[in-house]
Amino acid sequence: MTTGEPTGAVHAAVPGHDDLLTAVVETLRAELLPVVSGRSRYLLKACAAAIEVAQRDLAAGAERRAVDRAVFAQLGVADERALVAEIGAGLTADRFAEIAAALARRTEVELRILGRDDRPA
């Protein structure tokens, strides 16, 4: 029996990961936080914040990976581990400046993802 939908298609009524995580955070904040106090209130707030961080990280994953690939390619290293090893072995002043400039781009993307890019336009 065929439904006419392509294999792997998501039905419009099925919530996505982002929708589910948002619903959990909203429930914690609107329904549970008002009725608890003390340590339980603190733990619920911490859980809601952790879910929001995970939600943001999931949404930004592809962009982060693309920026990382570009930065590591620009620096001629395979990955973060290789870069750390190179830094640990010691750098010339020129190589240090090159790495710092490349990582500045990575940091700008990260700050934007985190919502902390408050530099003037």
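One structure accompanies this document, and this report is about it. Nothing here was measured: the structure is a model prediction, and the numbers come from that model. (Residues numbered from 1 in each chain as written. Predicted model: local features only at pLDDT ≥ 70, side-chain atom pairs only at ≥ 80, totals over all residues. Heavy atoms only, no water.)

## Topic: the pattern of salt bridges
Pairs can form between side chains of opposite charge whenever their charged atoms are close.
Alright, step 1. If you walk through the whole model with that rule in mind, you get eight salt bridges.
Alright, step 2. Asp-68 is paired through a salt bridge with Arg-106; the nearest N and O atoms lie 2.5 Å apart. Here the residue Asp-68 occupies a position in helix H2 (residues 38-75), and Arg-106 occupies one in helix H4 (residues 93-113), the gap between them amounting to 38 residues.
Alright, step 3. Overall, the relative accessible area of 22% leaves Arg-106 in the partly exposed class.
Alright, step 4. Glu-80 serves as the salt-bridge partner of Arg-106, at 3.0 Å between the closest nitrogen and oxygen. Placement of Arg-106 in helix H4 and of Glu-80 in helix H3 (residues 80-89) is noted, with a sequence separation of 26 residues between them.
Alright, step 5. Assessed through its relative accessible area of 42%, Glu-80 is described here as partly exposed. (Salt bridge = Lys/Arg side-chain N within 4 Å of Asp/Glu carboxyl O. Helix = DSSP H or I, 4+ residues; strand = E, 2+ residues; numbered from the N terminus. Buried < 20%, exposed > 50% of the residue type's maximum accessible area, 1.4 Å probe, protein only.)

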